[in-house]
Amino acid sequence: MSTLLDARGIFKDYGRIKVLKNVDLDLGEGERHVVIGPNGAGKTTLFKVLSGETRPSAGTISLNGRDVTHEAGFMRTRSGVGRSFQVARVFLEMTALDNIIVAVEAREATRRPWAGLLRLSAARTVADEAESLLAALGLAAARETPAETLSHGDRKRLELAMNLALRPKLLMLDEPTAGMSPTDRQAAVNLIDKVVRENGLSLLLTEHDMGVVFQLGTRISVLHYGEVVVSGLPAEVRANPLVREIYLGRNAGHA
Ligand SMILES: Nc1ncnc2c1ncn2[C@@H]1O[C@H](COP(=O)(O)OP(=O)(O)O)[C@@H](O)[C@H]1O
Ligand SMILES: [Mg+2]
């Protein structure tokens, strides 16, 4: 299994606040690595550092063996990293379909800058692709609905569709089921499982819900006050006494 993402010795400080402390995290091709940890542990900050939204204070990040530590986020998108946000980022005034069309066009514009010349014939292909993504993510009924009036769960799905439109190799999802009902959550997990399988993606996920963690993860790392305290196979992590104490024990209800 070749290593897709490799982060070594990551520190992130905001002034005197030390949010990430010497985090090592790697992800092999086809792996599904879940980062868990209590609120405020630094999960979202780690995602921001890995996706290039913010620079680490120290440490290195490589993608496919290439050092990308000082590369801007959009370059990482071009290198195949797709990322969703804890609060879905979509174009609120545009319909679900148009949101996906924008994402497909953005991909085409960066990968084939000359595609604009073929715009008329390309427009149909783009629309077809957007329609099939819409259907694949169960959003066909929301085709003409402006994103701002979509339910929370549908907005998350739309964001996922936009991510897939970029044809990533690595999908990073920050608490994709946060704020969902148990039914919606299970549907979202099934959907993530399906798209990861069908597109042969690698997955890096942060999650609060333990059911989701153990259903999706092939590897789990536990972040606690900005440090990775345990990393291993789901069964190892589940059995780890420290994890039981800080995460699965007294706070299991919250988790
Ligand atoms: N831009 C920032 N400036 C200062 N502190 C921040 C900033 N972003 C996050 N933090 C702090 O870093 C800690 C971890 O936050 P976060 O990464 O959002 O954790 P999690 O996603 O695990 O809940 C929190 O204490 C938070 O207040
Ligand atoms: Mg977070």
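To start, this report covers the structure provided alongside it. (Residues numbered from 1 in each chain as written. Chains lettered and ligands numbered in written order. Predicted model: local features only at pLDDT ≥ 70, side-chain atom pairs only at ≥ 80, totals over all residues. Heavy atoms only, no water.)

1. A word on the layout of surface pockets
Taken as a whole, the largest pocket holds about 530 Å³ of empty space. Around the largest pocket, the lining comprises 20 residues; the ones closest to its centre are T77, R83, F85, N163 and L166. Of all the elements in the fold, those that place two or more residues in the lining of the largest pocket are helix 2 (73–78), strand 6 (81–83), helix 3 (96–111) and helix 5 (152–165). Of the residues in the lining of the largest pocket, the class split is nine nonpolar, six polar and five charged. One number sums up the size of the second largest pocket: a volume of about 240 Å³. Around the second largest pocket, the lining is made up of 16 residues, and of these G153, K156, R157, M180 and A188 lie nearest the centre. Of all the secondary-structure elements, those providing two or more residues to the lining of the second largest pocket are helix 5 and helix 6 (182–198). (1 Å grid on protein atoms, 1.4 Å probe; cavity = no way out; pocket = protein on both sides within 12 Å on 5 of 7 lines; lining within 4 Å. Points joined across faces, edges and corners; volume = space filled by probe spheres on them. Helix = DSSP H or I, 4+ residues; strand = E, 2+ residues; numbered from the N terminus. Nonpolar A, V, L, I, M, F, W, Y, C, P; charged D, E, K, R; others polar.)

2. Let's talk about the nonpolar core
The tendency in soluble globular proteins is for nonpolar side chains to be buried side by side. Residues I100, L137, L158 and L160 are the most contacted members of the largest nonpolar core, which totals 45 residues. With 23 residues, the next largest nonpolar core counts L27, V35, A41 and V81 among its residues. (Core = buried A, V, L, I, M, F, W, Y, C linked by side-chain atoms within 4.5 Å. Buried < 20%, exposed > 50% of the residue type's maximum accessible area, 1.4 Å probe, protein only.)

3. What about the site of ligand 1?
The local shell around ligand 1 consists of Y14, V19, P38, N39, G40, A41, G42, K43, T44 and T45. Between ligand 1 and G40 there is a distance of 2.7 Å, counted from an oxygen atom to a backbone nitrogen or oxygen. Here ligand 1 has 560 Å² of accessible area as a free molecule, and 62% of this is covered by the chains. Among the elements that line the shell around ligand 1, the one with the most residues is helix 1 (residues 43–51), at three residues. Classifying every residue of the shell around ligand 1 by side-chain character gives four nonpolar, five polar and one charged. (Near = heavy atom within 4 Å. Polar contact = N/O pair within 3.5 Å; in protein donor to acceptor, adjacent residues only side chain to side chain. Areas by Shrake-Rupley, 256 points an atom, 1.4 Å probe, with all protein chains shown as cover.)

4. Observations concerning the packing of aromatic side chains
Summed over the entire model, instances satisfying the criterion amount to zero aromatic pairs. Over the face of the ring belonging to F214 we find R238, whose NZ or CZ atom lies 3.9 Å from the ring centre. (Phe/Tyr/Trp six-rings, centres within 6.5 Å; stacked < 30°, edge-to-face > 60°. Lys NZ or Arg CZ within 6 Å of the ring centre and 35° of its normal.)

5. Description of the packing of helix 5 against helix 6
Relative orientation of the contacting elements helix 5 and helix 6 amounts to 5°, with a least axis distance of 12 Å. Classed by the angle they form, the pair helix 5 and helix 6 counts as roughly parallel. Seen from helix 5, the contacting residues are R157, L160 and L164; seen from helix 6, they are L191, I192 and V195. For the contact of helix 5 with helix 6, a count of residues per class yields five nonpolar, no polar and one charged. (Axes fitted to C-alpha atoms, helices over the stretch in contact; angles between N-to-C directions. Parallel < 35°, antiparallel > 145°, perpendicular 65-115°, else oblique. Contact = heavy atoms within 4.5 Å.)

6. Description of the sheet that holds strand 9 (residues 219–224)
The strand order 6-7-8-3-9-10 describes an open sheet built from six strands, whose pairing is mixed. A single partner strand is all that each edge strand has here, and the edge strands are strand 6 and strand 10 (227–232). Each strand axis lies, on average, 15° off the axis of its neighbour in the sheet, ignoring direction. Sheet topology note: the strand 6/strand 7 (residues 170–174) ladder contains three bridges and is parallel. (Pairing = 2+ DSSP bridges.)

7. Considering unusual backbone geometry
Notably, N64 is not glycine yet its phi reads approximately 50°, a positive angle. Relative to the helices and strands, N64 resides in the loop between strand 4 (58–63) and strand 5 (66–67). Exposure remark for N64: the relative accessible area of 44% places this residue in the partly exposed category. You will see that E175, though not glycine, has its phi angle at about 45°, which is positive. Structurally, E175 is set in the loop between strand 7 and helix 6. With relative accessibility at 6%, the residue E175 sits in the buried group.

8. Some words on the sheet that holds strand 5
A sheet is described by the order of its strands in space; here four strands give the open sequence 2-1-4-5, paired in antiparallel fashion. Of all the strands in the sheet, just strand 2 (17–28) and strand 5 have a single pairing partner and so form its edges. Where strand 1 (residues 3–14) and strand 4 come together, five bridges link them in antiparallel fashion. Across the sheet, residue L5 finds its bridge partner in strand 4, namely L63. Relative to strand 2, helix 1 is tilted by about 60°, and along the sheet it contacts strand 1, strand 2 and strand 4.

Shape descriptors only; they carry no functional weight alone.
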